[in-house]
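Residues per chain are reported as follows:
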Amino acid sequence: MEFLGLFNYWVVIVLMMIGFYIVICSNNLIKKLIGLTIFQTSVFIMYISMGKIDGGTAPILAEGVTLYSNPLTHVLILTAIVVGIATTALGLAIVVRIKESYGTVEEDDIHAKDKQA
Amino acid sequence: MESFIHVIILSMLVTTAIAIVKVKDLFAVTMLAGIYGLLSASFFVLMDAHDVAFTEAAVGAGISTLLILTTLSMTGRFEKAADTPGSNYKPALALALVTLTGALLIYGTQDMPVFGAADAPVQTHVVPRYLNDSAAEIDIPNVVASVLASYRGYDTFGEVVVIFTAGIGVLALIMSTASKAPVALRASMEEHVVLRIVSKMLIPLILIFGLYVQFHGEYGPGGGFQAGVIFASAFFLYAMLFGLTAARKVVNNTWVQALAALGVLLYGSVGLLAMINGGNFLDYNFLAQDDVHGQHMGILFVELGVGITVASVMIIIFFTFSTRRQRDGDPD
């Protein structure tokens, strides 16, 4: 059990770095946004992991229960998820516009066209 | 045993993420991203975060997958091979940077309290106050709802405004003008009889479940954010199966846009009403004859405002994307 004590956080970092890698190394704008989503979800996992208490239960008050997991992290992440999809949609809308103006969503090609112009 | 399951789910998440890096077919990447969302939702259930799991299941596995697929149908399915001559593609450099950052962060985790510790700073500050006093102050069982709508009402108001603004942003960027609207196109899944009939039965249930989640949010997992996304997904399902033209008859553009604003307005008005009654902005104690009643009323209306705005903005976003896709002339 001891060695699992920080396992969640390591997984969070691995996921975060995978997302980061996609964002900086992928040429395709949609894939970059998916990478950003992976990055974002890793942060959600970190917060929710921090809020968990051993032997705790969901923070809905009930008789005979004394130990609850942290409601505050749940609130923060719950709203962040919905805000996240709204901002991702905004990003996708910009990608759609880029496609219509440049005819491509590959970063290299967009830079090349910018240089030509 | 429980910790064993969460280790497995986390490993599956990492595997899925690595697969996303590798795969070049963006359609497959989107499906993997959906799986990633569903896995993280299951993980949230294990972590006792049922409210969060609800939201992530509807958003991560449902809505985001749909939006990315709709975008893909406009931008093309395959990622271009990145190592063409003259490109800035430097995977080794990126990998080095990512590994270095990751190593530093892992070094940083040495100072973190171990997972599940009850004496971690995150558990000892503010939270005991919410858990111990909310029963007397607000008198609803779901502490997540009371923190969301009452204790941190300002915060949530800000977030609803962000969602509303993102909806407006999407409209401003890609709203199709009516004059360019195409003739009715067939729905992409119209020929699948089984899907159509099963979904037709499911849609009313999804709507009722959305309402249940909305109005039962004080007593069980749920609330405006979850209800909004669940409610909106029923409309997405309808639009996909019966076509945008049919869905447009159900959902009037102007009305949905007005509703999105109405939700924010409702939230803000509750705050202003508290001020008129002599309290601070969003201080629900001043809404009714006694504090607890005021809190109940405040939370009910605020959650309703959140639900209306979230559902309308999600519907606006989806319909705007789908209409744009039809306008671009590709029926499938």
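Cut-offs and rules
- Numbering of residues begins from 1 in every chain and follows the order in which that chain's sequence is written.
- All chains are assigned letters beginning with A, and all ligands numbers beginning with 1, in the order in which they are written.
- This being a predicted model, a pLDDT of at least 70 is required before a residue's local features are given, and a value of 80 or more before pairs of side-chain atoms are given or counted; all residues contribute to the totals for chains, interfaces and linings.
- Just so you know, side-chain values use all the structure's heavy atoms and leave hydrogens and water out.
- Where helices and strands are cited, they refer to DSSP runs of H or I of at least four residues and of E of at least two residues respectively, numbered from the N terminus.
- Exposed residues in this analysis have more than 50% of their type's maximum accessible area, buried residues have under 20%, and partly exposed residues fall in between, with area computed by a 1.4 Å probe over protein chains only.
- Within this scheme the basic residues Lys and Arg register as positive and the acidic residues Asp and Glu register as negative, but His and the chain ends are omitted.
- For this purpose, a charge sits on NZ of Lys, CZ of Arg, CG of Asp or CD of Glu.
- Buried Ala, Val, Leu, Ile, Met, Phe, Trp, Tyr and Cys residues that are joined via side-chain atoms within 4.5 Å together make up what is termed a nonpolar core.
- Start and end positions for the domains come from either an automated domain assignment or a database one.
- Contact between two residues is taken to exist if any of their heavy atoms lie within 4.5 Å; hydrogens are not considered.
- Accessible area, probed at 1.4 Å, shrinks when two parts are joined; the buried area is that loss added up over both.
- Working definition: a ring pair exists when centres of Phe, Tyr or Trp rings (six-membered ring for Trp) sit within 6.5 Å. Plane angles under 30 degrees give stacked, over 60 give edge-to-face, the rest tilted.
- Within 3.5 Å is the distance limit for a polar contact, defined as a pair of N or O atoms, with the added protein rule that one can donate a hydrogen and the other accept it, and that residues adjacent in sequence qualify only through two side-chain atoms.
- For salt bridges, the criterion is a side-chain nitrogen of Lys or Arg within 4 Å of an Asp or Glu carboxyl oxygen.
- In this count, Pro and Cys sit with the nonpolar residues alongside Ala, Val, Leu, Ile, Met, Phe, Trp and Tyr, while Asp, Glu, Lys and Arg are called charged and the others, Gly among them, polar.
- For every residue, the pLDDT score states the predictor's confidence, bounded by 0 at the bottom and 100 at the top.

S.K.: What's the story with the overall build of chain B in this structure? I'm lost.
M.R.: Each helix and strand in chain B was counted, giving 13 helices and zero strands. Start at the N end of chain B and walk to the C end: the helices and strands fall as α-α-α-α-α-α-α-α-α-α-α-α-α. Across its three principal axes, chain B shows a C-alpha extent of roughly 65 × 55 × 40 Å. Evaluated residue by residue, chain B yields a buried proportion of 47% over its 332 residues. Charge centroids of chain B, computed over 16 positive and 24 negative side chains, lie 20 Å from each other.

S.K.: What exactly am I supposed to notice about the nonpolar core here?
M.R.: Nonpolar side chains in soluble globular proteins generally cluster together in the buried interior. One finds Phe44(B), Phe225(B), Met314(B) and Phe321(B) to be the most contacted residues of the largest nonpolar core, which totals 123 residues. The element that contributes the greatest number of residues to this core is helix α3 (residues 71–102) of chain A, accounting for 14 residues. Mapped onto the domain boundaries, this core takes at least three residues apiece from domain 1 (1–125) and domain 2 (141–332) of chain B. Discounting chain neighbours no more than four positions away, the residues touching Met314(B) are Val82(A), Ile85(A), Ile63(B), Val229(B), Ala232(B) and Phe236(B).

S.K.: How should the domain arrangement of chain B be read in this particular structure?
M.R.: Accessible area lost on assembly of the parts is the figure often given for the size of an interface. Residues and elements named next belong to chain B. Per the domain assignment, the segments making up chain B are domain 1 (1–125) and domain 2 (141–332). The distance between the C-alpha centroids of domain 1 and domain 2 comes to 26 Å. Between domain 1 and domain 2, the contact holds 13 residues from the first and 20 residues from the second. Between domain 1 and domain 2 lies a buried interface of about 1400 Å² when both sides are counted; carbon and sulfur atoms form 80% of it.

S.K.: Could you clarify how one ought to interpret the packing of aromatic side chains in this entry?
M.R.: The description of an aromatic ring pair uses the distance of the two centres, along with the angle that the planes make with each other. Residue and element names in this part refer to chain B. By the definition in use, this model includes eleven aromatic pairs over all chains. Aromatic side chains Tyr154 and Phe281 sit 5.8 Å apart centroid to centroid with 85° between the ring planes, which places their arrangement in the edge-to-face category. Taken together, the positions of Tyr154 in helix α8 (residues 153–174) and Phe281 in the loop between α12 (253–276) and α13 (291–327) put the pair 127 residues apart, joining distant regions of the chain. Taking relative accessible area as the criterion, Tyr154 reaches 55% and is therefore assigned exposed. By the ring-pair criterion, three or more aromatic residues cluster together here, those being Tyr154, Phe157, Tyr267 and Phe281.

S.K.: I keep staring at the environment of Asn285(B) and nothing clicks. Help me out?
M.R.: Residue and element names in this part refer to chain B. With respect to the helices and strands, the residue Asn285 is situated in the loop between α12 and α13. In the structure, Asn285 is positioned 266 residues away from Ala19 in sequence and 51 Å away in space, judged by C-alpha atoms. Residues contacting Asn285, with those up to four places away along its chain left out, are Asp290, Asp291 and Gln295. At a separation of 2.7 Å, a polar atom in the side chain of Asn285 contacts the side chain of Gln295.

S.K.: Before we go on, may I ask you to explain the pattern of salt bridges in this structure?
M.R.: Pairing between side chains of opposite charge can happen when the charged atoms of each approach one another. Within the structure shown, the criterion is met by eight salt bridges over all chains. The salt bridge involving Glu79(B) is made with Lys31(A); its shortest N-O contact spans 3.3 Å. Separated into two different chains, Glu79(B) in the loop between α3 (50–75) and α4 (91–109) and Lys31(A) in helix α2 (residues 29–51) make up a pair that spans both. Of the two residues, Glu79(B) and Lys31(A), both sit in the buried class. Among the ionic contacts, a cluster of salt bridges with common partners joins Arg129(B), Asp133(B) and Glu137(B).

S.K.: Just to check I follow, could you spell out the side chain of Thr79(A) for this structure?
M.R.: Structurally, the position occupied by Thr79(A) is in helix α3. One polar contact links the side chain of Thr79(A) to the main-chain carbonyl oxygen of Val75(A), over a distance of 3.1 Å. Ignoring sequence-local partners within four residues, the contact set of Thr79(A) consists of Leu148(B), Glu159(B) and Phe225(B).

S.K.: What should I look at first to understand the interface of chain B and chain A in this one?
M.R.: Chain B puts 99 residues into the contact, and the matching count from chain A is 77 residues. At the surface where chain B touches chain A, the tally comes to three salt bridges. The salt bridge partner of Lys52(A) is Asp48(B), with a shortest N-O separation of 3.0 Å. Linking chain B with chain A are 20 residue pairs in polar contact (both at pLDDT 80 or more), by the criterion used here. A total of 14 residues in the side of chain B that touches chain A trace back to one element, the largest contributor, which is α3(B). When its residues are assigned to classes, the side of chain B that touches chain A shows 64 nonpolar, 23 polar and twelve charged.

S.K.: What's the story with the confidence of the model for chain B in this structure? I'm lost.
M.R.: The predicted structure's coordinates, where accompanied by low pLDDT, should not be read in detail. Looking at chain B, pLDDT values average 88 and 91% of them are 70 or higher. Across the assembled chains, the prediction reports ipTM 0.93 with pTM 0.90.

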